[in-house]
Amino acid sequence: MRAHDRPSEPGAERPRPPLHLTAPARPLQHRAALHPAQASALQRVAGNNAVVRTIQRTATVQRAETVAPGDPGYPEKRQRRILGKDQDLTGDNEFFVSQQERDGSYFENPAELTPNLVRAGTVPLRISTARDLAIEDGVNEPKVFFATSTRIGEANAKLKGAVTLVKTSKYLLLTGDRGERKLYQVEPKVQKKGRHGKETQQGLDVRTPQRCNEMAAFVSGAFNPATPGIEKWHIGLARLIDRIDGSSLAADFATAAAAGPDAYLAYGANLSARFQALVQVNPAAVDQALEALGMNEFMPTPNPGDILVTVGYGDAAQEEQRKQNRAAGNDNTFEYHFGTAVASSGGDYVTMENYARRDRDVGLRTGSSGDPLFFFRMYVAAPGADSWHARQVATDGFIGAIVSANLSG
């Protein structure tokens, strides 16, 4: 089960930003198209008109290429050699590595913190429009991705956190009308201070925080983004509503935040209620405002090191229902998810992420460090099912007004 950092006591109030926590939900899963469950989730959030618009966009916006084993254009697997001809790895049945949930856990061995890895010789692949990024395409969580030397160098020049990208000797060879291109397998590398000086971890040995907000700080080098992420939700919604109906809600944020928990919660509930009403009565204006503000499906392509966030809070009634569900132990929602871009190309980009799994045996003892369950994802910076925002909404774990934004933009 996916969880972000659920309040430790049943029925805990949503606190002020510095103490903000989250609740459990299902894992993020890639969806190549808008599935019925995803459409249903969007419908609950934005109404029938928004669903129709999203489906139309999915059909018209150019997407990253998806190729399956056996398709024309499926890349060859190779390994670079210093001397002689590069090695053909057609027979390598462990070339692609991902992780998956089995029997309710992502850990194969909870005591030793080893993940449930899946090694395969062929997998469906998503390839960026410029053919310089690629990643396993499916429901598993990829542990590696593939990129040209240029993209890897650009990414490392911008990444300022604990993670750097390492180009291994393995690569995918893309051929076609645009010639040949080598996309090298990318592994993360981390240098940490240990008992005997600096300790280097690379590849599957890398250990990170499990909580999504701490993971984003780890990868980006920024301070814990939870507080600015929640503020982004408040201020972004306020500016959107102000833009549409001439309100002055953005100017009231500081006053509400300083007035105490009750005023702060009431301010947020009002924002959520007004946004949800606007989506129903004037969806075109909402789209125009979102595009002008660069939020949700209109977020531009992030740079490596940028932190992305999705936050969802309900109106007063929705939050009261969430509180009651938590008290009863059956809440299945969460309030935010963070990820950090680590490579980008045109409208395509790859993130490095993690989230609190609340494994039955491991619990949250790897919440802040020592967790092996990092993974990569590829998104598209355009409206449609493969945008960051649509993929978060498709988890069906957010409620109320759902806002996605780039904290670094």
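Residues numbered from 1 in each chain as written. Predicted model: local features only at pLDDT ≥ 70, side-chain atom pairs only at ≥ 80, totals over all residues. Heavy atoms only, no water.

Some remarks on the overall build of the protein chain
Consideration 1: The secondary structure content of the protein chain amounts to 9 helices and 21 strands.
Consideration 2: Buried residues in the protein chain amount to 55% of all 409 residues.
Consideration 3: In the structure as shown, the protein chain presents an accessible area of about 17000 Å², 49% of it carried by carbon and sulfur atoms. (Helix = DSSP H or I, 4+ residues; strand = E, 2+ residues; numbered from the N terminus. Buried < 20%, exposed > 50% of the residue type's maximum accessible area, 1.4 Å probe, protein only. Areas by Shrake-Rupley, 256 points an atom, 1.4 Å probe, with all protein chains shown as cover.)

Describing the side chain of His-389
Consideration 1: In this structure, His-389 sits in helix α9 (residues 388-393).
Consideration 2: According to the relative accessible area criterion, His-389 is buried, its value standing at 8%.
Consideration 3: For His-389, the contacting residues outside a window of four places in its chain are Asn-296, Glu-297, Ile-402 and Ser-404. (Contact = heavy atoms within 4.5 Å.)

A few points about unusual backbone geometry
Consideration 1: At Asp-103, a residue that is not glycine, the phi angle is positive and equals roughly 50°.
Consideration 2: Considering the arrangement of structural elements, one finds Asp-103 in the loop between β6 (96-99) and β7 (107-109).
Consideration 3: For Asp-103, a relative accessible area of 71% gives the class exposed.
Consideration 4: For Asn-296, which is not glycine, the phi dihedral falls at a positive 55°.
Consideration 5: Taking relative accessible area as the criterion, Asn-296 reaches 6% and is therefore assigned buried.

Structural notes on the pattern of salt bridges
Consideration 1: Following the criterion strictly, the structure yields 14 salt bridges and no others.
Consideration 2: A salt bridge links Lys-170 to Asp-92; the nearest nitrogen and oxygen atoms lie 3.3 Å apart. With Lys-170 in strand β14 (residues 163-174) and Asp-92 in the loop between β5 (87-88) and β6, the pair connects residues that are 78 residues apart, well separated along the chain.
Consideration 3: The partner of Asp-245 in a salt bridge is Arg-274, and the shortest N-O contact between them spans 3.0 Å. (Salt bridge = Lys/Arg side-chain N within 4 Å of Asp/Glu carboxyl O.)

Observations regarding the packing of helix α4 (residues 226-245) against helix α7 (residues 283-293)
Consideration 1: Contact geometry for α4 and α7: axes closest at 10 Å, N-to-C directions at 125°. The orientation of α4 relative to α7 falls into the category oblique. Our pair here, α4 against α7, has a crossing hand that is right-handed. Across the interface between the two elements, Gly-236, Arg-239, Leu-240, Arg-243 and Ile-244 of α4 pack against Ala-285, Val-286, Ala-289, Leu-290, Ala-292 and Leu-293 of α7.
Consideration 2: Broken down by class, the residue content of the contact of α4 with α7 amounts to 8 nonpolar, 1 polar and 2 charged. (Axes fitted to C-alpha atoms, helices over the stretch in contact; angles between N-to-C directions. Parallel < 35°, antiparallel > 145°, perpendicular 65-115°, else oblique. Left-handed = near helix turned anticlockwise from the far one by under 90°. Nonpolar A, V, L, I, M, F, W, Y, C, P; charged D, E, K, R; others polar.)

Things to note about the packing of α4 against helix α6 (residues 261-281)
Consideration 1: Closest axis-to-axis distance for the α4/α6 pair is 10 Å, and the angle between their directions is 50°. By the criterion of interaxial angle, the relationship of α4 to α6 is oblique. The way α4 lies across α6 gives a crossing that is left-handed. When α4 is examined against α6, the residues Ile-230, Trp-233, His-234, Leu-237, Ala-238, Leu-240, Ile-241, Ile-244 and Asp-245 are found in contact with a partner set consisting of Tyr-264, Tyr-267, Gly-268, Leu-271, Ser-272, Arg-274, Phe-275 and Leu-278.

Some details on the sheet that holds strand β9 (residues 117-120)
The pairing of strands in a sheet comes from backbone hydrogen bonds and takes either a parallel or an antiparallel form.
Consideration 1: The 3 strands lie next to each other as β9-β6-β12, forming an open sheet whose pairing is antiparallel. The open sheet terminates on both sides in strands that have one partner only, identified here as β9 and β12 (141-142).
Consideration 2: For β6 and β12, the ladder comprises 2 bridges, and the chain directions are antiparallel. In the strand pairing of β12, Ser-98 is matched with Pro-142. (Pairing = 2+ DSSP bridges.)

With respect to the sheet that holds strand β18 (residues 336-345)
Consideration 1: Taken in spatial order, the 5 strands of this open sheet run β20-β19-β18-β17-β21, and their pairing is antiparallel. A strand with exactly one partner marks an edge of an open sheet, and here the two such strands are β20 (375-380) and β21 (401-406). Across the sheet, the mean angle separating the axes of adjacent strands is 30° when strand polarity is ignored.
Consideration 2: Where strand β17 (residues 307-313) meets β21, 6 bridges bridge the pair, whose relative direction is antiparallel. In the strand pairing of β21, Val-311 is matched with Val-403.

In short, the description is geometric, and any link to function would need to be established separately.
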